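Coordinates in review
Chain by chain, the residues:
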Amino acid sequence: MKVTICIGSSCHLKGSRQIIEELQNLVKENNLTEKVELCGAFCMKNCTNGVSVTVDDKLFSVSPETAKSFFNSEILSKVN
Ligand code: FES
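Residues numbered from 1 in each chain as written. Predicted model: local features only at pLDDT ≥ 70, side-chain atom pairs only at ≥ 80, totals over all residues. Heavy atoms only, no water.

Quick notes on the nonpolar core
What counts is decided by this rule: To define a nonpolar core, start from buried Ala, Val, Leu, Ile, Met, Phe, Trp, Tyr and Cys residues and group those joined through side-chain atoms within 4.5 Å. Exposure classes here rest on a 1.4 Å probe applied to the protein chains alone. A residue is buried below 20% of its type maximum, exposed above 50%, and partly exposed in between. Where helices and strands are cited, they refer to DSSP runs of H or I of at least four residues and of E of at least two residues respectively, numbered from the N terminus. Working rule for contacts: check all heavy atoms of both residues, and any pair within 4.5 Å makes them a contact.
Grouped together as the largest cluster of nonpolar side chains are 20 residues, with contacts concentrated most on Val3, Leu23 and Phe70. Only β1 (2–6), α2 (16–29), β3 (51–55), β4 (58–62) and α3 (67–76) provide two or more residues apiece to this core. Once residues within four sequence positions are removed from consideration, Phe70 is found in contact with Leu23, Val53, Val55, Phe60, Val62 and Ile75.

Things to note about the side chain of Ser52
Mapping Ser52 onto the fold places it in strand β3. Once you skip the residues sitting within four places of it in the chain, Ser52 turns out to touch Thr4, Ile5, Cys6, Cys11, Met44, Asn46, Leu59 and Phe60.

Looking at the sheet that holds β4
Threshold: By the convention used here, strands pair only if DSSP detects at least 2 bridges between them. Here, axes are lines fitted to C-alpha atoms. For helices the fit covers the stretch in contact, and angles between N-to-C directions go from 0 to 180 degrees.
With mixed pairing, the 4 strands of this open sheet are ordered in space as β2-β1-β3-β4. Because the sheet does not close on itself, it has two edges, and the strands there are β2 (37–41) and β4. Across this sheet, the average inter-strand angle for adjacent strands is 25°, counted without regard to direction. Pairing between β3 and β4: 5 bridges, direction antiparallel. The residue of β4 that forms the bridge with Val53 is Phe60. Along the sheet face, α2 touches β1, β2, β3 and β4 and points at about 160° away from the line of β1.

Some thoughts on the pairing of β3
The buried fraction of β3 is high, at 5 of 5 residues. Where burial is concerned, the two faces of β3 agree: the one with Val51, Val53 and Val55 and the one with Ser52 and Thr54 are both buried. Between β3 and β4, which pair antiparallel one after the other, the connecting turn spans 2 residues, and Asp56 there sits at a positive phi close to 45°.

Looking at unusual backbone geometry
Positive phi outside glycine occurs at Asn31, with the angle close to 55°. The exposure class of Asn31 is exposed, given its relative accessible area of 66%. Phi at Lys45 is positive, roughly 65°, even though this residue is not glycine. Tracing the chain through its elements places Lys45 in the loop between β2 and β3.

Encoded structure:
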């Protein structure tokens, strides 16, 4: 599973760095480092929403506050 977090300037201001750290920790805590690949990408042209994150090419808007529930519903429950 490939999870890409936007690190473009607009998303950076909305906390993409915090989201990356949080997701990295959650991936480690759940022993998913072999299964989940986290990457950064530049602007995904979706700046008006939250921080843009894609999971296998599906686009989501995430904020530092919702990073954990995003992880649970879109990553943890879908990874096999
Ligand atoms: S900076 Fe993230 S979508 Fe534009």
